[in-house]
Amino acid sequence: MTTNLIPAKPTPDLVFISQHLFTAILWVDDELSITWLNAQAEQLLAISSGRLLNQSILTLLAPEELTSADNRNHSDNNNVDVDKSIGKGINEPTCSLTERFHQAKRYQQPFIDHDHFISTPLNGNLSLSVDYSVTPVIYEQQPFFIIEMWGKDRQSRISEEQRQQQQYNVARHMLRSVAHEIKNPLAGIRGAAQLLQRQFIKFSDTFIFDNQSPSLITEPNINKNLQKTTEKLRSYTDIIISETDRLTQLIGQLLGSNQLPNWQAVNIHEPLEHVLTLVMSHYPQVTLKRDYDLSLPELNADKDQLIQVFLNLVNNACEAMTEQHSVNNFESDNAKVTDIQADDDNYKPQLHIQTRVAFQHTIGSQQHKQVLQVTITDNGSGIDPALIGQIFFPMVTSRAAGTGLGLSIVQDIISRHHGMIDVSSTQFKNHSQSKKTCFTLYLPFNQPTLNA
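Given the structure is predicted, the values throughout are model-derived calculations rather than measurements. (Residues numbered from 1 in each chain as written. Predicted model: local features only at pLDDT ≥ 70, side-chain atom pairs only at ≥ 80, totals over all residues. Heavy atoms only, no water.)

Caption draft 1: Here's a closer look at the sheet that holds strand 1 (residues 24–29). Sheet architecture is open: 5 strands sit in the order 2-1-5-4-3, paired in antiparallel fashion. Sheet topology places strand 2 (34–37) and strand 3 (111–118) at the edges, where each strand pairs with a single neighbour. Neighbour-to-neighbour, the strand axes of this sheet turn through a mean angle of 30°, independent of strand direction. Sheet analysis places strand 4 (residues 128–139) next to strand 5 (residues 142–151), joined by 10 bridges and oriented antiparallel. From the neighbouring strand, Val-134 faces strand 5, where its bridge partner is Ile-147. Contacts from helix 6 (residues 97–107) reach strand 3, strand 4 and strand 5, with the element oriented near 155° to strand 3. (Pairing = 2+ DSSP bridges. Helix = DSSP H or I, 4+ residues; strand = E, 2+ residues; numbered from the N terminus. Axes fitted to C-alpha atoms, helices over the stretch in contact; angles between N-to-C directions. Contact = heavy atoms within 4.5 Å.)

Next comes the structure, spelled out in structure tokens:
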């Protein structure tokens, strides 16, 4: 009698699975030392595994307990005969994190902490808000802890980006609807102005031709007055035609291009260098700093549209820096502030372009293992904090000569590429005028429409 043997299914490699989770996981031993962590933990904490391994988990979650423990050890070494029970518990917290770990191990009871701030020299004191859980386990008859972390900043950023994208789509749809309603009447106004202009010319020519009598010839003032009137009326119609053309062009920018993107493999540095060649020759006073990752793979994109994006961003940055220089000179000439001249002498407009790969980045509802990151930074006048949340909306601008459409076009093109753009503007600590304005673009290397 034969039996059908069912082949055993291979057990999945748990380490492999952990490396592909969205949750940051750290494996901590009984002495609270980090013995293993996954890739998401490195990404969340911005610290490599080589720097975190064998470090105490308290370095991340409770560095003050390590400091107080060192102080107590130092005090014990210098005062051996002091009764340690005196004053115990007065300055210490009712339940420190170390005690919570010991209680969790003793009772095998997990615990969770919300809205915990992490700041450690291991990542340059980068402030990070997280929720984390601690689960005690027994592995190979040894006690360990599984720590799971979720970045609050990342979740808040994703929610805020989705909310802003929805608002942008609504505003864009409303403006396009209004633009469609205005576009057709503008064409009628322009046509009527052209017909009126032709009638003026025809009436003037007819009047002069039909009144070539000796009496009129002897009175040249009549012809001169008629000619001046005709020229004045023609200038009025020219104004109507030019203004309608300007509004038509503006509405065309509001409606955007209906042309589908011309997807092609693009080296991101080609459109960047093309734009820098065009723009930087007009701003010789601006110092350009490139920080390129030349190992970046090509991405699927519309090269011409990317040129338009970088042209708007780079040109805006250079204009902001040159405007800042002009403002400093004006205030210096009027002697409003005694330190303005010194600031102006030290001020050097700088444009910084950086290309990198960002790992485990979320754009909208899509999680990407790798995306292209392009950062454009200037030290110009910055962006008003009241406008920075609306800067990508149409018709929003902080410059008197601006139309408020450049960044809206940038946002539209980046959205068509299934990417996202972020902006920040911060004041320099030692400079009263200049600010650091940073535009960061995130673009997927492959478009979902091409992979479908």
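Text resumes after the structure shown.
Caption draft 2: Fine view of the confidence of the model for the protein. Summarising the model, the protein shows a mean pLDDT of 78, and 71% of its residues fall at 70 or more. When the criterion is pLDDT under 50, residues 80–93 qualifies, and its contacts beyond four places in sequence or with other chains add up to 2 contacts. Within the model, pLDDT remains below 50 along residues 330–342, and this stretch shows 8 contacts once partners closer than five positions in the same chain are excluded. (pLDDT = per-residue confidence, 0-100.)

Caption draft 3: Representation of the pattern of salt bridges in the model. In this structure the tally under the stated criterion is 7 salt bridges. The closest approach of N and O atoms between Asp-30 and Lys-105, which form a salt bridge, is 2.8 Å. Of this pair, Asp-30 sits in the loop between strand 1 and strand 2 while Lys-105 is found in helix 6, placing the two residues 75 residues apart along the sequence. Note that Arg-356 and Asp-291 form a salt bridge whose closest N and O atoms lie 2.9 Å from each other. (Salt bridge = Lys/Arg side-chain N within 4 Å of Asp/Glu carboxyl O.)

Caption draft 4: Structural detail: the sheet that holds strand 12 (residues 435–444). Strands sit in the order 7-9-10-12-11 across an open sheet of 5 strands; the sheet is mixed. Each edge of the sheet is formed by a strand with only one pairing partner; in this case those strands are strand 7 (287–291) and strand 11 (420–427). Within this sheet the neighbouring strands show an average axis-to-axis angle of 25°, counted without direction. The pairing of strand 7 with strand 9 (residues 350–363) spans 5 bridges and is classified as parallel.

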